[in-house]
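Here are the chains, one letter per residue:
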Amino acid sequence: MKEQGFEYIPWYPEEPDAAVSPVLEDPIEDARLHGYGTFTTDVPVGQELVDPNEAITSAMSETERAAYDAALYRGSPGPSPSADGEDDLSDPNLVGCDAWAWDALYGPVPEEIRTVQEDPRYVEIDQAVSDITAKIASSPDLARLNEAWSECMAKEGFDYLSPDEAVAEFYRLQIDLSIEYENEGVPESESVLAEHREDEIATAVADQTCRKDVGYEDELIQIQYRLESDVATRYEDSIAELTTLMETTPDTP
């Protein structure tokens, strides 16, 4: 990045110092102790993971930020790709410093894997697999499962449509408090954090109890399994052909 004209601080997100307990085998007991892991850790609000490069990029103009992102991720304006149309990973001007560093550290993608990944059949299968997540979310079976879970939660005094919604509320609240801390520089009082912590644990315990009562996790696995099996059956021949292709393509040293 320095050669591209930008300051970049090497950084890899690591958990801040905190008393993090191991996850217990019993989800309900784990929820009773750890909630969702937002307000139940010893990391004060305002001390979450922050990329030090954000201070650099936030001071840039839109044009400067676009050039920075191009240098880091997509490659800055420079030479064209090689004659065969492939990006030259040895040149950060073509692929960006992030991809260049990855290639320098781990080496290029083996030829047999590259051959398969560029095959239209692989692209189609990869998209079908990626679509599974969206199909799970829109599945009528999941809607019925969430409805049963929501009815159970209502009996416990909680108004949520799904487990994801319950979890998201506390992460969203934590983000809001972090933004408030950044703007005002004053952390939230311990009494308020303690109240959020109590609410989080109560919600998480009810959540896990209702998941157990309606068989949520087992049914969710079955929904995913059915969709994955459908993809495997639909592309059975292509998967076999691509496997053979990968096994028979010589690796370029």
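Data block above holds the structure.
Given the structure is predicted, the values throughout are model-derived calculations rather than measurements. Each chain has its residues counted from 1, running along the sequence as written. Confidence filtering applies because this is a predicted model: local features only for residues at pLDDT of at least 70, side-chain atom pairs given and counted only at 80 or more, and all residues used for totals across whole chains, interfaces and linings. Note: side-chain values were computed over all heavy atoms of the structure, leaving out hydrogens and water.

Engineer: How should the nonpolar core be read in this particular structure?
Structural biologist: Within soluble globular proteins, side chains that are nonpolar tend to cluster in buried spots. Leu142, Trp149, Met153 and Tyr160 are the most contacted members of the largest nonpolar core, which has 29 residues in total. Strands here mean DSSP runs of E at least two residues long; helices mean DSSP runs of H or I at least four residues long; both are numbered from the N terminus. Every element with two or more residues in this core is listed here: helix H1 (27-34), helix H7 (120-137), helix H8 (140-155), helix H9 (163-184), helix H10 (190-214) and helix H11 (216-234). Contact criterion: two residues are considered in contact whenever any of their non-hydrogen atoms come within 4.5 Å of each other. Contacts of methionine 153, omitting those with residues within four sequence positions, involve Phe158, Tyr160, Thr203, Ala206, Asp207 and Cys210. Residue types Ala, Val, Leu, Ile, Met, Phe, Trp, Tyr and Cys, when buried and joined through side-chain atoms within 4.5 Å, form a set referred to as a nonpolar core. For the exposure calls, accessible area comes from a 1.4 Å probe over protein chains only, and a residue counts as buried if that area is under 20% of its type's maximum, exposed if over 50%, partly exposed in between.

Engineer: Help me understand H10, please; the structure alone is not making it clear to me.
Structural biologist: Because an α-helix packs 3.6 residues into every turn, residues spaced three or four apart end up facing the same way. The end-to-end C-alpha separation of H10 is 36 Å, in line with the 36 Å expected for 25 residues at 1.5 Å each. Within H10 the residues assigned to the buried category are Leu193, His196, Glu200, Thr203, Ala204, Val205, Ala206, Asp207, Gln208, Cys210 and Arg211. Where H10 is buried, its residues contact H1, H8, H9 and H11. Positive backbone phi, approximately 65°, marks glycine 215, located one or two places after H10. Under the convention used throughout, the expected extent of a helix is 1.5 Å for every residue step, that is, one less than its residue count.

Engineer: I keep staring at the pattern of salt bridges and nothing clicks. Help me out?
Structural biologist: Side chains that differ in charge, positive against negative, can pair when their charged atoms come close. Each reported salt bridge corresponds to a side-chain nitrogen of Lys or Arg within 4 Å of a carboxyl oxygen of Asp or Glu. Taken as a whole and judged by the stated rule, the model has 11 salt bridges. One salt bridge connects arginine 144 with aspartate 141, and the closest N-O pair in it is separated by 2.2 Å. With arginine 144 and aspartate 141 both in helix H8, this residue pair falls three residues apart, about one helical turn. Judged by its relative accessible area of 51%, arginine 144 is exposed. When the shortest N-O distance is used, the salt bridge between arginine 226 and glutamate 219 registers 3.3 Å. By relative accessible area, which is 28% here, glutamate 219 ends up partly exposed.

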